[in-house]
There are 2 protein chains.
Amino acid sequence: MNEGNKGTSLSEVGEFGLIARLAAAWQRGAQKPSEKNLPGLRLGIGDDAAVIRMQTGGDLLVTTDMLVEDVHFLWLPRRLRQLGRKALAVNISDIAAMGGKPGWAFLSIGVPAKATVEEVEEIYAGMGEMAARHGVTLAGGDTVRADKWVINVTLLGLAGQEPFIRSGGRPGDAIVVTGTVGDSAAGLQLLFSGEGDKSEDDLPEDWRMLISRHLDPTPRVKEALALVELGGVTAMMDVSDGISSEVNHICKASGCGARIDLTTLPISLAAQRLAESCGRSVFPWALSGGEDYELIFTVPPEKVSSLMAFIGEKTRTAFTVIGHLTEPGDGITAVHPDINDGAPFNLAAKGYNHFA
Amino acid sequence: MNEGNKGTSLSEVGEFGLIARLAAAWQRGAQKPSEKNLPGLRLGIGDDAAVIRMQTGGDLLVTTDMLVEDVHFLWLPRRLRQLGRKALAVNISDIAAMGGKPGWAFLSIGVPAKATVEEVEEIYAGMGEMAARHGVTLAGGDTVRADKWVINVTLLGLAGQEPFIRSGGRPGDAIVVTGTVGDSAAGLQLLFSGEGDKSEDDLPEDWRMLISRHLDPTPRVKEALALVELGGVTAMMDVSDGISSEVNHICKASGCGARIDLTTLPISLAAQRLAESCGRSVFPWALSGGEDYELIFTVPPEKVSSLMAFIGEKTRTAFTVIGHLTEPGDGITAVHPDINDGAPFNLAAKGYNHFA
């Protein structure tokens, strides 16, 4: 990577040359063929379609996400590897949220004419890194010209059991979330203020963590597979739009209400400190900032203690009960002693809306 | 559709409202649930991933294409249905070229802020129309904001037998192409000259056909499935970049040379007449114009006569032998009595190159 944009031009290598270099860049990022990769890819890049031999008659999981420059991400020349990792991570998170194992990625990329081959390679190397962590194989794609960067990932995975969907929650079920929420939105706030252009060494550790949580999320694959092993989850999804939006989705799909206790929300000290230093509440980040890529799921209340014991040992990831599902007539509400005099208030689905 | 852009704004319906309207628009385009659709979709739009139950342990085919405004298509308000049909058709063509049946589509669309809901609906209705013709179900997608229109389709299909790939050709095999080649490039030429904005009734029939071949290609699914039934195809792909490029691809993958007889190229009278009226040769359109979405394939020479009889009756589509594969040392050449004094000349792979 060089920041003066003095690398190899796209016209020097042409479309087929670029495809070959990108596949190699992915492999360099992945470092070695992973033993975790799902078997079955008979034919990858280079024909009209990829061919995947389905080993069994199980369930195939498919998710797709389009990321557009200046809408989903800022173009930060220092952060291209992270951009690659994130583009794949958000799709891996979707497969994990169904309780599946990610398998085969199809990448379409729109590249501005002014871009260098090295920039595109850096993005692919980042995807390869993330792929190697979770056993994903690059199986196909498309490489085109565009005015701004556009990355579309379609990821296929396999469900080892009945997929976790959003509609199985029942009144009384505990609502559980992994890790912490709000860090990603806090990190985005720092990026908007220009901190993302600084080198890592110039940032306080708190800020580094928050920015990293935004640019470089970790999909909760291991946690999801532990939940599959444990059993008992009634509904699950990943936190991409924000807790308030996701709770609304689960309630709508499951035909339930919900009550969230805001004092139990898992919020990092770093996010709290940043909010305080900006003189604002941390709750909007935690509830509707989105892009945390944690898991949110429901389990019957009698299952909670065995879940905590099993999962704690298995994953070393924090799992927090933030509320419970209620009868549909109860509405979707939150409580906090300092808000609304401690009385329940409506938890609106204020996730990110592309067309608001 | 109205051309004054006075329809419903995206902000009026929001992201989730738009998704619901687009799914409905697809269904309106499809008119009725097709009985041809492959079974197995357990869960479509509305969760983290789609769930497709794989009925057998067969081969899954996956293809993806990204179409960008002003790169792959011109924004023609009168032609949005055709744009939708084409976006899906080019992917159906890829699945057909492997000898597969198309099944499940995943659509990501980037929509400019100035667009109306009705415009996006029109594109989806076009996709639904094409989907209904070939048994494709809308199974998922992503809807985002972008500066220019971007449409990414990932299409999954099933191979009923060993997929047709590019690498099985052998010296002596006949090279066969369906339909006619060059019409699409001729149609594009008319569009560039502004004829696409006129209403259909104002265009001569020849021109209407050529423009339609460019904007509204028919994927050769029925022809491909007839070839599967007949058997004997050694290599196959679709003509997306142009005959010269595709012959080079097949030769490279199969380790062969080739000789193409240009006098046998199936070129429509309409394309020939337009080329003559422009005072230019029709061969560049036919050889490297691309986007014809015909099938090009190889079969052993002894198979040709039974193929012609069987396919002619089964599909009523023209199949033309345009040359044959040769030993690799012979190179990839073409002959025509009026070119190079009738001596063979090198057939360069001059397909469309995004980054040339």
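These figures come from a predicted structure and were not determined experimentally.

1. Some words on the UniProt feature "binding site: substrate" (unreviewed entry) in chain A
Residue and element names in this part refer to chain A.
Okay, step 1: According to UniProt, the feature "binding site: substrate" (unreviewed entry) maps to His72, Glu291 and Tyr352 in the numbering used here.
Okay, step 2: Mapped onto the secondary structure, His72 falls in the loop between β3 (59-68) and α2 (80-97).
Okay, step 3: On the accessibility criterion, His72 (22% relative accessible area) is partly exposed.
Okay, step 4: When you line up the elements, Glu291 lands in the loop between α9 (283-288) and β10 (295-299).
Okay, step 5: Non-local contacts of Glu291, meaning those with residues more than four positions away in its chain, are made with Lys86, Ser184, Arg213, His214, Val239, Ser240 and Asp241.

2. Re the UniProt feature "binding site: Mg(2+) 3" (unreviewed entry) in chain A
Residues and elements named next belong to chain A.
Okay, step 1: According to UniProt, the positions carrying the feature "binding site: Mg(2+) 3" (unreviewed entry) are Asp48, Asp94 and Asp238. Sequence-wise these annotated residues cover 191 residues; spatially they are dispersed, their C-alpha atoms as much as 32.9 Å apart.
Okay, step 2: For Asp48, the position within the fold is in the loop between β1 (41-43) and β2 (50-53).
Okay, step 3: The exposure class of Asp48 is buried, given its relative accessible area of 6%.

3. A look at the pattern of salt bridges
Okay, step 1: Throughout the structure, instances matching the rule amount to 46 salt bridges over all chains.
Okay, step 2: Its salt-bridge partner being A:Asp47, residue B:Arg166 comes within 3.3 Å of it at the nearest N-O pair. Of this pair, B:Arg166 sits in the loop between β6 (150-159) and β7 (174-178) while A:Asp47 sits in the loop between β1 and β2, which puts the two residues in different chains. Residues B:Arg166 and A:Asp47 agree in their burial class; the two are buried.
Okay, step 3: Of the charged contacts, one joins A:Arg273 and A:Asp206 as a salt bridge, the two residues approaching to 2.8 Å between their closest N and O atoms. In this pair, A:Arg273 sits in helix α8 (residues 269-277) while A:Asp206 sits in helix α5 (residues 205-215), placing the two residues 67 residues apart along the sequence.
Okay, step 4: For A:Arg273, a relative accessible area of 43% puts it in the partly exposed group.
Okay, step 5: When salt bridges that share partners are traced, they join A:Arg81, A:Arg85, A:Glu122, A:Glu129, A:Arg133 and A:Asp216 into one network.

4. A closer look at the interface of chain A and chain B
Okay, step 1: Counting from both sides, the interface comprises 66 residues of chain A and, opposite them, 67 residues of chain B.
Okay, step 2: Approximately 5400 Å² of surface area, both sides summed, lies buried where chain A meets chain B, with 56% of it carried by carbon and sulfur atoms.
Okay, step 3: In this structure, the connection of chain A to chain B is made through 12 salt bridges.
Okay, step 4: Our count for the contact surface shared by chain A and chain B stands at 29 residue pairs in polar contact (both at pLDDT 80 or more).
Okay, step 5: A per-element tally of the side of chain A that touches chain B places β3(A) first, with nine residues.
Okay, step 6: In the side of chain A that touches chain B, the residues fall into 32 nonpolar, 18 polar and 16 charged.
Okay, step 7: Bridge count between β3(A) and strand β2 (residues 50-53) of chain B: four bridges; the pairing is antiparallel.

The rules behind the values
- Residues numbered from 1 in each chain as written.
- Chains lettered and ligands numbered in written order.
- Predicted model: local features only at pLDDT ≥ 70, side-chain atom pairs only at ≥ 80, totals over all residues.
- Heavy atoms only, no water.
- UniProt positions renumbered as here; feature names shortened; annotations may be inferred.
- Helix = DSSP H or I, 4+ residues; strand = E, 2+ residues; numbered from the N terminus.
- Buried < 20%, exposed > 50% of the residue type's maximum accessible area, 1.4 Å probe, protein only.
- Contact = heavy atoms within 4.5 Å.
- Salt bridge = Lys/Arg side-chain N within 4 Å of Asp/Glu carboxyl O.
- Buried area = accessible area lost by both parts, 1.4 Å probe.
- Polar contact = N/O pair within 3.5 Å; in protein donor to acceptor, adjacent residues only side chain to side chain.
- Nonpolar A, V, L, I, M, F, W, Y, C, P; charged D, E, K, R; others polar.
- Pairing = 2+ DSSP bridges.

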